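# An overview of the molecular structure
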Amino acid sequence: MNGFDRNAVGESLPLLLEGFRVTLLATVLGTLVAAVLGLVVAVAGRAPSRFVTVPVRAVTEFVRSTPLLVQLVGAAALFNTVEPLYIGIAVLGVHYAAYTSEVYRAGIDGVPKGQWEACRALSLSPRRTWQAVILPQAVRNVLPALGNYAISMFKETPFLAVITVQEMVFEARKYGADHFAYTEVFTLAGLVFLVASYPTSLLMRKLEKRLGH
Amino acid sequence: MSDFFSLLAEEFPRVRSGLWVTLQATVLGALLAGALAFALGLTAGSGVLLVRGASRVVVEFFRGTSLYIQLFWLYYAMPLVTGYELTPVICGVVAFGLNFGAYGAEVVRGAINSVPRGQYEAAIALNLGPARRLWRVILPQAWVQMIPSFTNLLIQLLKATPLLWLISAADLMTVVQQLRDRTGETLTAYLTLLAAYFVLAYALTLLMNLLERSAKRRLGLDTGARSLFRSRSASATAVGGAR
């Protein structure tokens, strides 16, 4: 086999695009989990009690410092009765929540101290303080950073192939092995990633500039 | 529980060689990435459009196409195209170097841009040539800014090394998984593996903190000994989506 087989391109593209749907689904749901869980972790990290904040910090630190691939493979081996796609989404979500919580934390720190004091002066409950005053101001600033993490996650979804989620790279490997046409499928898969992620990151950069970062 | 650890002790030479493969890939990959980051980051500020454009294309290409695919392309596809095969570890080093080098280039570019304009003007007023200006004035100041982001990237690179398992290099993950298969103790095995990566990551962070401290000292900024033990996340906030 030498050179580039055009038939292989035409034949594998539909398969890759079908896998791409799963890739997108995992990215979107994983981002959603990370966005919600990250916020919960960030707010918990500001709890008044050290019995809450210290474990929260320790766990996020640990999750962030250890490889996603090991977490994925470990989780899949432990919960081997659960559908791999769900495990993938959960692990991606938890892994990235450890990062997004840091983003939220910075966003919350960015809310001027006077706002907290004003809430206390108005004797708002903690719940109302977060809901009506702090979060609306904090979340606006973190949107571009969340978008960037979504793009990173998108580029790490190929890991899911390892735990047999049938996303794009899973299809690419299967086709490559069946037809011994790795060159074509991996080049194609790489291009699909490039075509999907580059415009998104340009958009994110614009958004960031707009929000004045 | 004890089965796993007694097997671990018994098979220690293999575990050690797996650890060695992981460290080798991390350090060599980081060196390649660092060299590329400076090459691409400095050319990104070139006045020549062609040079600047080429640097941007390379950076966007390697940032955009997913590390996983790059590694697999090098391992599976390159031998078919070029007839030339790399060993798994070298494949890893090249892929990590190219991918993280592209991310590092953005760090270098950003840090150089963040050096105040007045510093350039002062260097020109003192009649320093372009090379001396960069080496004596701009880089020492930019370097301090780069280290926290480089620390982040280094940890990301360490966290990417388990990919070597997929291209059948006998790295730490491969070895520990073999022990797991022999004892059937899934939870213990993976927790041990995660803990090992955590320790490695923290050790790398400490080294980078030392580097940051010495770089700051050269600029006359002293940060005190406490900052040395700071974990990565304390400085990570500004780097939303470093990769």
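Residues numbered from 1 in each chain as written. Chains lettered and ligands numbered in written order. Predicted model: local features only at pLDDT ≥ 70, side-chain atom pairs only at ≥ 80, totals over all residues. Heavy atoms only, no water.

### Some thoughts on the overall build of chain A
- Within chain A, the regular secondary structure consists of eight helices and zero strands.
- Along the longest, intermediate and shortest principal axes, the C-alpha atoms of chain A span 75 × 40 × 25 Å.
- A burial count over chain A gives 48% of its 213 residues as buried.
- The long-range share in chain A, meaning contacts at least 24 apart out of those at least 6 apart in sequence, stands at 77%.
- Counting only carbon and sulfur atoms, one obtains 64% of the accessible surface of chain A, whose full area is about 10700 Å².
- A gap of 16 Å separates the mean positions of the 19 positive and 14 negative side-chain charges of chain A. (Helix = DSSP H or I, 4+ residues; strand = E, 2+ residues; numbered from the N terminus. Buried < 20%, exposed > 50% of the residue type's maximum accessible area, 1.4 Å probe, protein only. Contact = heavy atoms within 4.5 Å. Areas by Shrake-Rupley, 256 points an atom, 1.4 Å probe, with all protein chains shown as cover. Lys, Arg positive; Asp, Glu negative; His and termini not counted. Charge placed at Lys NZ, Arg CZ, Asp CG, Glu CD.)

### Concerning the packing of aromatic side chains
- What the rule picks out here adds up to 21 aromatic pairs over all chains.
- Both rings, one in Phe186(A) and one in Tyr76(B), keep their centres 6.0 Å apart while their planes meet at 20 degrees; by these two values the pair is stacked. Of this pair, Phe186(A) sits in helix α8 (residues 182-210) while Tyr76(B) is found in helix α4 (residues 67-82), placing the two residues in two different chains.
- Judged by relative accessible area, which is 0%, Phe186(A) ranks as buried.
- For the pair Phe38(B) and Trp143(B), a centre-to-centre distance of 6.3 Å together with 45 degrees between the ring planes defines the contact as tilted. Taken as a pair, Phe38(B) in helix α2 (residues 12-43) and Trp143(B) in helix α7 (residues 130-160) lie far apart in primary sequence, 105 residues in all.
- By relative accessible area, Phe38(B) is classed as partly exposed at 25%. (Phe/Tyr/Trp six-rings, centres within 6.5 Å; stacked < 30°, edge-to-face > 60°.)

### Topic: a nonpolar patch on the surface
- Together, Leu78(A), Phe79(A), Val82(A), Tyr86(A), Leu187(B) and Leu191(B) give the surface a local cluster of nonpolar side chains, amounting to about 590 Å² of exposed area.
- Considering the arrangement of structural elements, one finds Leu78(A) in helix α3 (residues 68-78).
- Judged by its relative accessible area of 39%, Leu78(A) is partly exposed. (Patch = residues over 30% accessible without salt bridge, like charges linked within 9 Å, V, L, I, M, F, W, Y side chains within 5 Å. Salt bridge = Lys/Arg side-chain N within 4 Å of Asp/Glu carboxyl O.)

### Examining the interface of chain A and chain B
- Listed as interface residues are 44 residues of chain A and, on the opposing side, 42 residues of chain B.
- Of the roughly 3900 Å² buried where chain A meets chain B, counting both sides, 69% is carbon and sulfur surface.
- The largest contributions to the chain A side of the interface with chain B come from Val70(A), Lys155(A) and Phe186(A), which together make up 14% of the buried area.
- The interface formed by chain A and chain B includes one salt bridge.
- At the junction of chain A and chain B, the tally comes to nine residue pairs in polar contact (both at pLDDT 80 or more).
- For the side of chain A that touches chain B, the elements supplying multiple residues, two or more each, are α2 (50-65), α3, α4 (84-109), α6 (126-156), α7 (168-179) and α8 of chain A.
- Counting residues per element, the side of chain A that touches chain B draws most heavily on α8(A), at 11 residues.
- Residue composition of the side of chain A that touches chain B, grouped by class: 24 nonpolar, 11 polar and nine charged. (Buried area = accessible area lost by both parts, 1.4 Å probe. Polar contact = N/O pair within 3.5 Å; in protein donor to acceptor, adjacent residues only side chain to side chain. Nonpolar A, V, L, I, M, F, W, Y, C, P; charged D, E, K, R; others polar.)

### A few points about the environment of Val59(A)
- Relative to the elements of secondary structure, Val59(A) occurs in helix α2.
- Put simply, Val59(A) and Ala98(A) are 39 residues apart on the chain and 8.4 Å apart in space, counted from C-alpha to C-alpha.

### Examining α7(B)
- Between the first and last C-alpha of α7(B) there are merely 37 Å, a value that for 31 residues lags more than 12% behind the 45 Å anticipated at 1.5 Å per step.
- At Leu139(B), α7(B) shows its strongest bend, of approximately 50 degrees, with the proline Pro140(B) following within four residues. (Expected span 1.5 Å × (residues − 1). Bend = angle between axes of the 7 residues up to and from the residue.)

### Details of unusual backbone geometry
Residues and elements named next belong to chain B.
- Phi angles above zero are rare outside glycine, and Ser66 is one such case at about 75 degrees.
- Relative to the assigned elements, Ser66 resides in the loop between α3 (49-64) and α4.
- Given a relative accessible area of 1%, Ser66 falls into the buried group.
- Phi is positive for Asn127, close to 65 degrees, though the residue is something other than glycine.

### Some details on α3(B)
- For α3(B), spanning 16 residues, the distance from its first C-alpha to its last is 22 Å, which sits close to the expected 22 Å at 1.5 Å a residue.
- Looking only at α3(B), the buried set comprises Ser55(B), Val59(B), Glu60(B), Phe62(B), Arg63(B) and Gly64(B).
- Lining the buried residues of α3(B) we find α6 and α8 of chain A together with α2, α4 and α5 (88-114) of chain B.
- Phi turns positive one or two residues past the end of α3(B), at Ser66(B), with a value near 75 degrees.

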